[in-house]
Structure formats: structure tokens, C-alpha cells
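Descriptive analysis of the structure
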Amino acid sequence: MAEALPPFAVKLEQCNWDRNRPAYWNYDVECACCGRPIKNRWACKVVVLKEVNEAGEHVFLPIKGNANLDRDPVEYGSFVGAHCAKKLPRAYKIGMKAACKNWENWA
């Protein structure tokens, strides 16, 4: 049996975004790590964000074992844009489309 993956911590830069830019006028969701606007939530990744520790690192939990894939991803996860998702290992993120494959079974 494979061992459970430990939480993954990474330092992600938090920028000062100008909320008056046109990109913020028409966005769907916001990246949970950096605050960038995401126009289409179906094109982003879903992660299980545990906390931001005192060192300023974002702590992520692995998808397997922490995400209930029979539920809506909004209930257990946070949205992350492509820029921040590139910095995460594959076991700690899942695509929004893949997370919603079992939508018929949601209670």
C-alpha cells in the first residue's frame, strides 16, 4: 500500500493587483493563492488549501484522501489559476472538469 503524501508547502508571491483594471470587471473567480482574476472557472485547477503558515507559505493537502470527488468542488476546494498551478505537483491539484465528472451523483 502506498504511503499517504505529506502536505506540500510553497511560497507564492502575493502581488498588489489593481482592482480597477478591465480584467477585474468581468471575471468569474479569483485565484486563491495570488488573487489574479480567472475568467473561466472550467479552465482552472482545484486544490485543497489547508492554511497559510507564519512563514508565508501556502500549505496544500493532496487531492487523494482529502477531496470528496462525489461533491461539488466549491465545498472542499479552492480555485487556482494556471500561473500558480504550475508550481504545484500533480497529486495536489485536479482540473475543474475532472472534479465535476460525477455531478450526477451529487446529493
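Refer to the structure above for everything that follows.
This section reports on the structure supplied with the text. Note that the structure is a prediction, hence the values are computed from the model and not measured.

Time to look at the overall build of the protein chain. When you go through the protein chain residue by residue, the secondary structure sums to 3 helices and 7 strands. The C-alpha atoms of the protein chain give 14 Å as radius of gyration, which agrees with the globular expectation for 107 residues (13 Å, within 12%). If you line up the protein chain on its principal axes, its C-alpha atoms span 50 × 35 × 20 Å. Across the 107 residues in the protein chain, those meeting the buried criterion constitute 34%. Summing over all exposed atoms, the protein chain offers an accessible surface of approximately 7100 Å²; the carbon and sulfur share of this is 50%.

Further remarks concern the packing of aromatic side chains. Within this structure, the stated rule accounts for 1 aromatic pair. Taken together, a centroid distance of 5.4 Å and an interplanar angle of 40° make the contact between Phe 8 and Tyr 92 tilted. With a gap of 84 residues between them, Phe 8 in strand β1 (residues 8-11) and Tyr 92 in the loop between α2 (82-85) and β7 (94-95) connect regions that are remote in the sequence. Taking the relative accessible area as the measure of exposure, Phe 8 reaches 24% and is therefore partly exposed. Tyr 92 gets classed as buried once you look at its relative accessible area, which sits at 6%.

Tracing the backbone shows Asn 53 in the loop between β4 (45-52) and β5 (57-61). With relative accessibility at 18%, the residue Asn 53 sits in the buried group. Of note is the side chain of Asn 53, whose polar atom sits 2.8 Å from the backbone nitrogen of Glu 57.

A large share of β5 lies buried, amounting to 4 of its 5 residues. Relative to β5, β1 is paired through 4 bridges, and the arrangement is antiparallel. Note that in β5 the partner of Phe 8 across the bridge is Phe 60. As judged from the 4 bridges shared by β4 and β5, these two strands associate in the antiparallel manner.

Rules used in this analysis
- Residues numbered from 1 in each chain as written.
- Predicted model: local features only at pLDDT ≥ 70, side-chain atom pairs only at ≥ 80, totals over all residues.
- Heavy atoms only, no water.
- Helix = DSSP H or I, 4+ residues; strand = E, 2+ residues; numbered from the N terminus.
- Rg over C-alpha atoms; globule rule 2.2 N^0.38 Å.
- Buried < 20%, exposed > 50% of the residue type's maximum accessible area, 1.4 Å probe, protein only.
- Areas by Shrake-Rupley, 256 points an atom, 1.4 Å probe, with all protein chains shown as cover.
- Phe/Tyr/Trp six-rings, centres within 6.5 Å; stacked < 30°, edge-to-face > 60°.
- Polar contact = N/O pair within 3.5 Å; in protein donor to acceptor, adjacent residues only side chain to side chain.
- Pairing = 2+ DSSP bridges.

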